[in-house]
Amino acid sequence: MKAIRCKKYGLPSSLVLEDIENLKPGAKEVLVEVKACGLNFPDTLIIQGLYQIKPELPFTPGSDVAGIVKEIGTEVKHLNVGDAVFGFVAHGALAEEVIVPSNACFPKPPQMDFPIAASFMMAYGTSFHALKDRGHLAEGETLLVLGASGGVGLAAVELGKLMGAKVIAAASTDEKLALCKEYGADMVINYSKQDLKATIKEMTQGKGVDVIYDPVGGNYTEAALRGIARNGRYLVVGFAAGDIPKIPLNLPLLKEASIVGVFWGAFAMKNSKANMQNTMSLMQWYSKGKLKPHIHAIYNLKETSAALEEMMNRKVKGKLVVRT
Ligand SMILES: NC(=O)c1ccc[n+]([C@@H]2O[C@H](COP(=O)([O-])OP(=O)(O)OC[C@H]3O[C@@H](n4cnc5c(N)ncnc54)[C@H](OP(=O)(O)O)[C@@H]3O)[C@@H](O)[C@H]2O)c1
């Protein structure tokens, strides 16, 4: 079968498409014929050796998958050969076939097409876990989302609104912010033109925001944290800007605020029942038309490097999908 291979750590241009041996699922695993793989920023990091997980070389990147069950392990009870599914793997989904742990593989609703299903898990799973389990976002609170038009960011905007928050979306262009407004943002900040802390204070009449969702890091983090409300929660989601910020600890002290880490992949594996419940809630919202993953573009497997470069160049709104 064909797979994208990372043979040495490097930029997307160093990835190759080649034939590799067919895979065989273990007892608690499912072999999925991949129809679509959703790209995520961690895919750009894992191939450079910059992610928290460093697979042994050579390996196949790609985490978010949708496809058809081709073979099941002897202990898998909730799925059958031929079922349409979507799921999540640490890596391996940018290929014609992938092995998915059975507790991370879910039946795909018929009305959800494969590209949408492959865009769902990481973006909505991360953002729901972050806002609900880590941020305890409550109705009526104010939520600030940085990188708000990105994969996890746009999901956080949509979910924040569904959870009853007032949502401030922050991003680098007016075009990106226009999409955030379509997804329900009440207010927007263009952080390439506006002062983040001053604008947050102005928009909240000096009170600050209750929850901050930060998948960007870099210089934005301290400016945003300076705009947090008393008892606020700062969700550390990622560092797409590249730099891991160092924070003066007097800032959370002064506001009695919490800085809270979010690592959805670890949560999903270690608390698979809780993740399953979150996934059910998300699917119910999806089936009622309340969540609409935004697909920026669809590529084929040969174009994977170009797609990952587009993401690294900050050109993507919502999600990129690779079809196999
Ligand atoms: N903790 C977790 O469990 C978890 C799960 C999934 C993802 N993540 C992390 O969350 C972050 C976002 O992931 P994603 O898949 O949503 O990525 P994405 O779609 O590429 O979104 C990232 C956003 O970050 C902003 N950004 C600022 N500086 C950037 C730069 N130098 N390069 C690229 N983007 C930059 C961009 O928005 P502007 O141009 O508007 O600034 C972009 O829309 C990543 O750091 C990823 O590792 C964490």
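Draft legend 1. Just unusual backbone geometry, in detail. Looking along the chain, the bond that leaves L57 and enters P58 is cis, with omega of -10°. If you check the backbone angles, N231 has positive phi at about 65° while not being a glycine. In this fold, N231 is placed in strand β12 (residues 228-236).

Draft legend 2. Layout of the packing of aromatic side chains. Per the stated rule, a full pass over the model turns up seven aromatic pairs. Consider the rings of F86 and F120, whose centres lie 6.4 Å apart with planes at 90°: the pair is edge-to-face. Placement of F86 in strand β5 (residues 84-88) and of F120 in the loop between α2 (114-117) and α3 (121-134) is noted, with a sequence separation of 34 residues between them. You can call F86 buried: its relative accessible area is 1%. For F120, a relative accessible area of 1% puts it in the buried group. Between the aromatic rings of F128 and W285, the centroid separation amounts to 5.4 Å while the plane-to-plane angle is 75°, which identifies the pairing as edge-to-face.

Draft legend 3. Local environment of the site of the ligand. Taken together, 26 residues surround the ligand, and among them S172, K176, Y191, V262 and W264 come closest. Between S172 and the ligand, the recorded distance is 2.6 Å, taken from a side-chain N or O atom to an oxygen atom. Between W264 and the ligand, the recorded distance is 2.7 Å, taken from a backbone N or O atom to an oxygen atom. Counting residues per element, the ones that place at least two in the shell around the ligand are α1 (41-46), α3, α4 (151-162) and α11 (304-312). Taken together, the residues of the shell around the ligand break down into 17 nonpolar, seven polar and two charged. When residues of the shell around the ligand are assigned to domains, at least three fall in each of domain 1 (2-120 + 293-323) and domain 2 (124-265).

Rules used throughout
- Residues numbered from 1 in each chain as written.
- Predicted model: local features only at pLDDT ≥ 70, side-chain atom pairs only at ≥ 80, totals over all residues.
- Heavy atoms only, no water.
- Helix = DSSP H or I, 4+ residues; strand = E, 2+ residues; numbered from the N terminus.
- Phe/Tyr/Trp six-rings, centres within 6.5 Å; stacked < 30°, edge-to-face > 60°.
- Buried < 20%, exposed > 50% of the residue type's maximum accessible area, 1.4 Å probe, protein only.
- Near = heavy atom within 4 Å.
- Polar contact = N/O pair within 3.5 Å; in protein donor to acceptor, adjacent residues only side chain to side chain.
- Nonpolar A, V, L, I, M, F, W, Y, C, P; charged D, E, K, R; others polar.
- Domains from an automatic or database assignment.

Coordinates in, geometry out; function isn't part of it.
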